[in-house]
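# Topology and contacts: notes
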Amino acid sequence: MRAARLLAAWALLVGALLAGQGVLVARAERTRGLARGFAAPVAHADVPQLGVNVALEQYDAAKMERALGRAAEAGCTWVRQMFAWRPGRGFDWDFADRVVAALARHPGLRLVAVLEADPPVPPADPQHFAASAGEFAARYGDALDYYQVWDEPNLADHWGGGPVNPPAYADLLARTARAIRRADPGAVILLAGLAPTTERGPQNLSDVRYLTQLYAAGAAPYFDVIVGKPYGFDTGPEDRRAAEGVLNFSRLILLREVALVHGDGGKAVWASHWGWNALPAGWQGGPSLWGQTTEALQAQRSVAALARARAEWPWAGALILEHLQPALPTDNPRWGFALLGPDGQPRPIYMALREYAQALPDAARPGGYPADNPWAAYDDGWRVGPLGADVRADGARATFRCEGSAVALSVRRGPYRAYLYVTVDGRPANRLPRDATGRAYLVLTDDAPRQAQVLLASGLAPGVHTVVLEAERGQGQWPLVAWHVAGAPVRDGWAGRLSAVAVALLALAVVLA
């Protein structure tokens, strides 16, 4: 009898421990990529989200105008266009002039200029390519800010047939970035879009390993934004597996984690290509290499992916879809990504994106934001600069619009007397103390100068919220450093499952008693 009880107890113990481990593993996977607490500001993450790849070289002037208009109507801000460089000839200035002039007539669109050799063979002398890129930046620097150096250098067919060579790309990137920045000091340099692959070389190399080797090669100072290509392949955006051997939308998390390992968490991760492939019924062309879905599911998954990134990834910036209309034969499977068909008619994904973009609130999503950001407004009682926001007069008011469940402020405290009075949606901020008149206040006084993050409000209902600050004193102290927004907490029932494990362990104790 005693032996049977012990055997049952051991079985219960093993089962409970395995169940507890499963709950914790599932919880870790569910929350991977999410910020712990309030996120710090990430450069180039607080940008418009939606963009699309274009191939404007296929159009005459009138069709180019229509294509750009279509991109804008779909809610896109970013248009990503490749500009081909040829040894001995450089860039096609006539084509580039046409593109830049056309975009000037669409002020809501921003150009990501991709500079790459055609064919994509690394130049024998990378300084020649860099010099041409510098000319490009000098010619168009007043009209654009975002430059991407090469595309998919982790694949042999974009690196002269291979083998791929991360240090060689790092050298090309460094020379090119320096040339561009000399000509256009405000330039933002995008890393080449790294193709998703599980291969380990020498011809093709995993995007995760390639990025790791770029850091080892010293490339970090020469790019401002990390770029991946999180195609969904055969699963939707709800697939939260993030592993080098898995190709899915969550793969962008892996690039973020590489950056964190190398102390580069202040840089955003963008997507230069992503989406789900949906070829029409009866397709007679080549097979899709990116999985296959229906047009309706493609539209649904694309919108859900945008919503997930907006809610969960404060480090993610622009997500640039593939493609508006590829300049390829109509039997090429890349047409499965197109927003517009070969006849120029919108596909279901186009309509879904337009509805998504139209419904987006003009408010900061969960994430961290410097004092100077698109959703903060300051009256004349403030001055805003690289250090943050400074009070110029008592009664100075600042307003911040956000969408999240909690909001916090990073402030500079010190041996000076000053306060910020805070309301959220017209009511006193619910996590601050109140004075005798009922006003919620934040104390800026401290024994020594230091920065602090202060929770203003939590438990906010879904929707857009307006935070208003009113300053009392604090002139010359630059007290406001950053705004922070947190999303709704993850509710996946993990606490309940852990409680069940605890009950099982309690039952075990009873059995053994």
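Note that this is a predicted model, so its numbers are computed, not measured.

### Description of the environment of Leu 191
- Here Leu 191 is to be found in the loop between strand S6 (188-190) and helix H6 (207-216).
- Relative accessible area serves as the criterion here: at 0%, Leu 191 is assigned to the buried category.
- In sequence terms Leu 191 and Ala 170 are 21 residues apart; their C-alpha atoms lie 9.7 Å from each other.
- Setting aside residues up to four positions removed in sequence, Leu 191 forms contacts with Gln 148, Tyr 169, Leu 173, Leu 211, Leu 214, Phe 223, Val 225, Ile 226 and Val 227.

### Quick notes on the nonpolar core
- Membership of the largest hydrophobic core comes to 100 residues, with the highest contact counts inside it found for Phe 83, Phe 136, Tyr 169 and Trp 270.
- Among the nonpolar cores identified, the runner-up in size contains 36 residues, and Ala 389, Cys 402, Ala 457 and Val 485 belong to it.

### Some words on the side chain of His 465
- Tracing the chain through its elements places His 465 in strand S20 (residues 464-472).
- Within the local environment of His 465, its side chain forms a polar contact with the backbone oxygen of Ala 461, the two atoms lying 2.6 Å apart.
- Apart from residues no more than four positions distant in its own chain, His 465 is found in contact with Phe 400, Arg 401, Cys 402, Gly 404, Val 424, Asp 425 and Leu 460.

### Things to note about the pattern of salt bridges
- Inspection of every chain in the model, using the stated rule, returns 22 salt bridges.
- In this structure, Glu 65 and Arg 105 form a salt bridge, with 2.7 Å as the shortest nitrogen-oxygen distance. A residue pair is termed long-range when its members are at least 10 positions apart, and Glu 65 in helix H2 (residues 61-73) and Arg 105 in the loop between helix H3 (93-104) and strand S4 (110-117) qualify at 40 residues.
- Using a relative accessible area of 54% as the deciding quantity, one classes Arg 105 as exposed.

### Considering the packing of aromatic side chains
- Inspection of the entire model under this criterion finds 31 aromatic pairs.
- A centroid spacing of 5.1 Å and a plane angle of 70° characterise the contact between Trp 290 and Phe 337, whose relative ring orientation is edge-to-face. With Trp 290 in the loop between strand S8 (269-271) and helix H8 (295-312) and Phe 337 in the loop between strand S9 (316-321) and helix H9 (348-359), this pair connects stretches of sequence that are 47 residues apart.
- Phe 337 gets classed as buried once you look at its relative accessible area, which sits at 1%.
- An angle of 75° between the planes, with centres 5.6 Å apart, marks the rings of Tyr 369 and Trp 375 as edge-to-face. Across this residue pair, the class does not change: Tyr 369 and Trp 375 are buried.
- The ring of Phe 223 carries Lys 267 above its face, with NZ or CZ at 4.0 Å from the centroid.
- Its guanidinium or amino end placed over the ring of Tyr 421, Arg 439 lies 3.8 Å from that ring's centre, counting from NZ or CZ.

### A closer look at the environment of Ala 299
- Relative to the assigned elements, Ala 299 resides in helix H8.
- By relative accessible area, which is 8% here, Ala 299 ends up buried.
- Residues Ala 299 and Leu 339, 40 residues apart in the sequence, show an inter-C-alpha distance of 9.8 Å.

### Digging into the packing of H2 against H3
- Interhelical geometry of H2 versus H3 gives an angle of 50° and a closest axis separation of 10 Å. Here H2 lies oblique to H3, going by the angle between them. In this structure, the crossing between H2 and H3 has a hand that is right-handed. Across the interface between the two elements, Ala 61, Met 64, Glu 65 and Leu 68 of H2 pack against Arg 98, Val 99, Ala 102 and Leu 103 of H3.
- Broken down by class, the residue content of the contact of H2 with H3 amounts to six nonpolar, no polar and two charged.

Calculation criteria
- Residues numbered from 1 in each chain as written.
- Predicted model: local features only at pLDDT ≥ 70, side-chain atom pairs only at ≥ 80, totals over all residues.
- Heavy atoms only, no water.
- Helix = DSSP H or I, 4+ residues; strand = E, 2+ residues; numbered from the N terminus.
- Buried < 20%, exposed > 50% of the residue type's maximum accessible area, 1.4 Å probe, protein only.
- Contact = heavy atoms within 4.5 Å.
- Core = buried A, V, L, I, M, F, W, Y, C linked by side-chain atoms within 4.5 Å.
- Polar contact = N/O pair within 3.5 Å; in protein donor to acceptor, adjacent residues only side chain to side chain.
- Salt bridge = Lys/Arg side-chain N within 4 Å of Asp/Glu carboxyl O.
- Phe/Tyr/Trp six-rings, centres within 6.5 Å; stacked < 30°, edge-to-face > 60°.
- Lys NZ or Arg CZ within 6 Å of the ring centre and 35° of its normal.
- Axes fitted to C-alpha atoms, helices over the stretch in contact; angles between N-to-C directions.
- Parallel < 35°, antiparallel > 145°, perpendicular 65-115°, else oblique.
- Left-handed = near helix turned anticlockwise from the far one by under 90°.
- Nonpolar A, V, L, I, M, F, W, Y, C, P; charged D, E, K, R; others polar.

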